[in-house]
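# Fold and geometry: a report
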Amino acid sequence: MSITARHCLSKIFQPITATSKNSKITRQQVTSKSQRLMLELGIIQQSIPGCFHLLPLGVKSLDKLIKIIDNEMFKIGGQKVLFPTLTNSKLWNESGRLKEVGTELFQLQDRHNHHYILSPTHEEVASEMLSILAPLSYRNFPLKLYQISSKFRDEIKPRFGLMRGREFIMKDMYSFDTDIESAKKTYEEVCNSYENIFNTIGIGYAKVLGSSGSMGGSLSHEYQFKAPIGEDNVLYCSSCQYSANIEVCEDHQKCPNCGDEKNINIQCGIEVGHTFLLGDKYSKPLKSTFIAKDSKPEVLQMGSYGLGISRILAASVEVLSSETEMRWPSVLAPYNVIILPPKKGSAESLQTEGMPEKLYSNLEEKIPGLKNNILMDDRTSLTLGKRLLDAKRVGYQFTIIINKKSAEENPLFELIDIKNNKQLYLSKEALCDYIQQNF
Ligand code: ATP
Ligand code: MG
Ligand code: MG
Ligand code: MG
């Protein structure tokens, strides 16, 4: 019955501090609402500009996102790998990207004067790995390899906290097919899977035509969260439903698809994912080949698919939060429910002894999705009012308050549901039902 210490608020490492009191951070370095809230409410901590410590609640949320992604990748036969971050610069020379990406690359030399980069993305590495194994048989394909790892980019302006870091976490997938038609099919399949991921997260997004930039390839789509702080401009034409990053539109007034000038709408977006149909842009120079049915070697056709993992966390908080209160999508919230027992020493505290723990176990038993997602605010030397304010700021969807009414013959619990803006008094059974239905 006892609640493990890791689900008691007093034991959680969640340093809550005003950014003005944080000696590491100057005011100028706090450039977005989500960055400030995540810093102040103990989700992240700044290391050097563009690099952040992810604290326990941040990691809990990250793990939830990774689980959603792993689930979707499993459905389409994605296989998880882990490539080294340190990459031989030679590979980037062979693909032609060493010069092109240039200043955004972190480059270094080892003691033997060999040149390396800290990978900002892994198209070259994935292609080379297959070329070492080449020639594999056509029977080995299609192949979808993905990883979730740290990426490094020397961003000219690291800002907005996790949204534009110099070290950040990306999920990147590389697909290999034996011909361009099947590569296109794989591309569609992964795009559908990415749409499932964004639908599960539950934040409105737009899938728009994207620019291939230095990545290359023949087709690309971006996944954008709408937000005023977004650094991309997304064009939407309500006449023909065409939407694109304006980087791919030659004339920003006109719809590139139907030519309409009146029903064009341009909004700011945060790019949270990007997919590319690459063809042989990397597989050809890096010699990733396979043995075709006629026993001759042929070049593989590739796709590349990035999701900004750490950016998605911050962008979600950015879209949902107010200036003073942090909010999460339910599926990514570090905890969904917090229970506030009465203040220590109060009459209610004595009358309801053991009740908070019992309620905790009941909720966990009845609602499997709440396992490890309920927190006990055991800081009972603080008033209920103070703890309630904290709970609202941190943004648990459900706050359950155990007070006078809980000590009555037919105990009632006060429930605050911040998502649906409701305050209710419910019996234990009705409380479980309500949370189950609205979780
Ligand atoms: P941006 O246009 O914002 O610079 P990008 O187009 O350079 O991003 P991609 O190369 O397409 O980024 O990388 C795939 C995904 O990685 C992006 O869609 C984004 O979600 C994420 N990402 C890119 N750069 C960063 C960064 N500096 N910090 C955090 N996430 C990033
Ligand atoms: Mg970039
Ligand atoms: Mg971009
Ligand atoms: Mg991009």
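Structure shown above.
Only a predicted model underlies this, so the values are computations on that prediction, with no experimental measurement involved.

### Things to note about helix α10 (residues 384–394)
- Within α10, burial applies to R387, L388, D390, A391 and V394. Projected down its long axis, α10 shows its buried positions confined to an angular sector of 160°, all on one face.
- If you follow the buried residues of α10, they end up packed against β18 (337–340), β20 (398–401) and β21 (413–417).

### Things to note about the environment of I169
- Mapped onto the elements, I169 comes out in strand β9 (residues 167–177).
- With 142 residues separating them along the chain, I169 and R311 place their C-alpha atoms 7.9 Å apart.

### Here's the deal with the sheet that holds strand β19 (residues 374–376)
- On the basis of which strands lie adjacent, the open sheet formed by five strands has the order β19-β18-β20-β21-β22 and mixed pairing. Looking along the sheet, the strands with just one partner apiece sit at the ends: β19 and β22 (422–426). For this sheet the average axis-to-axis angle between neighbouring strands, irrespective of direction, equals 20°.
- As judged from the three bridges shared by β18 and β19, these two strands associate in the parallel manner. Bridged to I339 within β19 is M376.
- Together, β18, β19, β20 and β21 form the strand contacts of helix α9 (residues 355–366), whose direction differs from that of β19 by roughly 175°.
- Here helix α11 (residues 428–438) sits on the sheet in contact with β20, β21 and β22, set at roughly 15° to β21.

### As for the packing of helix α2 (residues 56–75) against helix α7 (residues 309–320)
- Direction vectors running N to C along α2 and α7 enclose 115°, while the axes themselves pass 10 Å from each other. Put simply, α2 runs roughly perpendicular to α7. Considering only the axes of α2 and α7, their crossing is right-handed. On α7, the residues that touch G58, S61, L62, L65 and I69 of α2 are I309, I312 and L313.
- A breakdown of the residues in the contact of α2 with α7 according to their chemical character gives six nonpolar, two polar and no charged.

Quick notes on the rules
- Residues numbered from 1 in each chain as written.
- Chains lettered and ligands numbered in written order.
- Predicted model: local features only at pLDDT ≥ 70, side-chain atom pairs only at ≥ 80, totals over all residues.
- Heavy atoms only, no water.
- Buried < 20%, exposed > 50% of the residue type's maximum accessible area, 1.4 Å probe, protein only.
- Helix = DSSP H or I, 4+ residues; strand = E, 2+ residues; numbered from the N terminus.
- Arc of directions from axis to C-beta.
- Contact = heavy atoms within 4.5 Å.
- Pairing = 2+ DSSP bridges.
- Axes fitted to C-alpha atoms, helices over the stretch in contact; angles between N-to-C directions.
- Parallel < 35°, antiparallel > 145°, perpendicular 65-115°, else oblique.
- Left-handed = near helix turned anticlockwise from the far one by under 90°.
- Nonpolar A, V, L, I, M, F, W, Y, C, P; charged D, E, K, R; others polar.

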